[in-house]
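# Per-entry structural report
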Amino acid sequence: QPVESGGGRVENGGSRRLSCVASGHSFKTFNMGWFRQSPGKEREFVAGITWLSRKTFYADSVKDRFILSRDNEKNALYLQMIDLKPEDTAVYYCAAGSQFPVTSLAAYEYWGQGTQVTVSS
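The structure reproduced in this document is the subject of the present report. Since we're looking at a predicted model, the values are computed, not measured. (Residues numbered from 1 in each chain as written. Predicted model: local features only at pLDDT ≥ 70, side-chain atom pairs only at ≥ 80, totals over all residues. Heavy atoms only, no water.)

### Some points on the overall build of the protein
Summing up its helical and strand segments, the protein has zero helices and eleven strands in all. Reading the protein from its N terminus to its C terminus gives the helix and strand order β-β-β-β-β-β-β-β-β-β-β. Taken against the 2.2 N^0.38 rule, which gives 14 Å for 121 residues, the C-alpha radius of gyration of the protein at 13 Å falls within 12% of a compact globule. In terms of overall dimensions, the protein has C-alpha extents of about 40 × 25 × 25 Å along its principal axes. Evaluated residue by residue, the protein yields a buried proportion of 45% over its 121 residues. Long-range pairs, those at least 24 residues apart, make up 57% of the contacts in the protein with a sequence separation of at least 6. Split by element, the accessible area of the protein, about 6200 Å² in all, is 49% carbon and sulfur. Positive and negative side-chain charges in the protein, numbering 14 and 12 respectively, have mean positions lying 3 Å apart. (Helix = DSSP H or I, 4+ residues; strand = E, 2+ residues; numbered from the N terminus. Rg over C-alpha atoms; globule rule 2.2 N^0.38 Å. Buried < 20%, exposed > 50% of the residue type's maximum accessible area, 1.4 Å probe, protein only. Contact = heavy atoms within 4.5 Å. Areas by Shrake-Rupley, 256 points an atom, 1.4 Å probe, with all protein chains shown as cover. Lys, Arg positive; Asp, Glu negative; His and termini not counted. Charge placed at Lys NZ, Arg CZ, Asp CG, Glu CD.)

Okay, structure coming up:
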C-alpha cells in the first residue's frame, strides 16, 4: 500500500514536495504514478514513471513545473512541484501498477489514501 505525505497549504507560486513510500510491499518492479482529484472532478493523471527504463510522463498542465523521481532502494516516489497555481489544488494520490500505459488509472492496482495540496491565490 502506497503511503503519501508532504501535502499542505502553499501560496500561489510556491513549491511543495510530495513523497510516497510503499508499505508492506516492494514496488521496485512496478510502474508508479501520481494522480489528483479536486471536488466535482474526475481523478486525473499527473505524472508517471516506468519501473525498468524509468521513463517519465507528465500531464501537459504540469509539464515544466513538476518533476517526478523514484528511489528504488528506499521504495519511494517523489513529486517536486514548483510554481504551484490555485488550479493545482487537489488530493494527490500515489499509485503503483504493472500495466500500461502509465497515464491511465486502469494501469494501477495499488492506491494510497491521498494527501491534500491547497494552493491559495
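Next comes the rest of the write-up.
### Notes on the packing of aromatic side chains
For the coordinates displayed, the defined rule picks out seven aromatic pairs. For the pair Phe-30 and Tyr-110, a centre-to-centre distance of 5.7 Å together with 75° between the ring planes defines the contact as edge-to-face. Here Phe-30, found in the loop between β3 (16-22) and β4 (31-37), pairs with Tyr-110, found in strand β10 (residues 110-111); they are 80 residues apart in sequence, far enough to count as distant. Relative to Tyr-108, the ring of Phe-35 lies with its centre 5.2 Å away and its plane at 80°, an arrangement referred to as edge-to-face. Of the two residues, Phe-35 sits in strand β4 while Tyr-108 sits in the loop between β9 (90-97) and β10, which places them 73 residues apart along the sequence. The two residues Phe-35 and Tyr-108 agree in class, both being buried. Through a chain of ring-to-ring contacts, the aromatic side chains of Phe-35, Phe-45, Tyr-108 and Trp-111 assemble into a single cluster. A cation sits over an aromatic face here: Arg-43 above Trp-111, 5.0 Å from the ring centre. (Phe/Tyr/Trp six-rings, centres within 6.5 Å; stacked < 30°, edge-to-face > 60°. Lys NZ or Arg CZ within 6 Å of the ring centre and 35° of its normal.)

### Things to note about the nonpolar core
Ranked by internal contacts, the top residues of the largest apolar core, which has 34 residues, are Trp-34, Leu-79 and Tyr-92. When contributions to this core are tallied by element, the ones reaching two or more residues are β3, β4, β5 (44-49), β7 (66-71), β8 (76-81), β9 and β11 (115-120). Tallying contributions element by element places β9 first for this core, with seven residues. (Core = buried A, V, L, I, M, F, W, Y, C linked by side-chain atoms within 4.5 Å.)

### Overview of unusual backbone geometry
Cis rather than trans, the peptide bond between Phe-100 and Pro-101 has omega equal to 0°. You can see Pro-101 is positioned in the loop between β9 and β10. The backbone phi angle of Asp-64 is positive, close to 75°, even though this residue is not glycine. Inspection of the secondary structure assignment puts Asp-64 in the loop between β6 (56-58) and β7. One non-glycine residue with positive phi stands out, namely Asp-83, at about 50°. You can call Asp-83 partly exposed: its relative accessible area is 37%.

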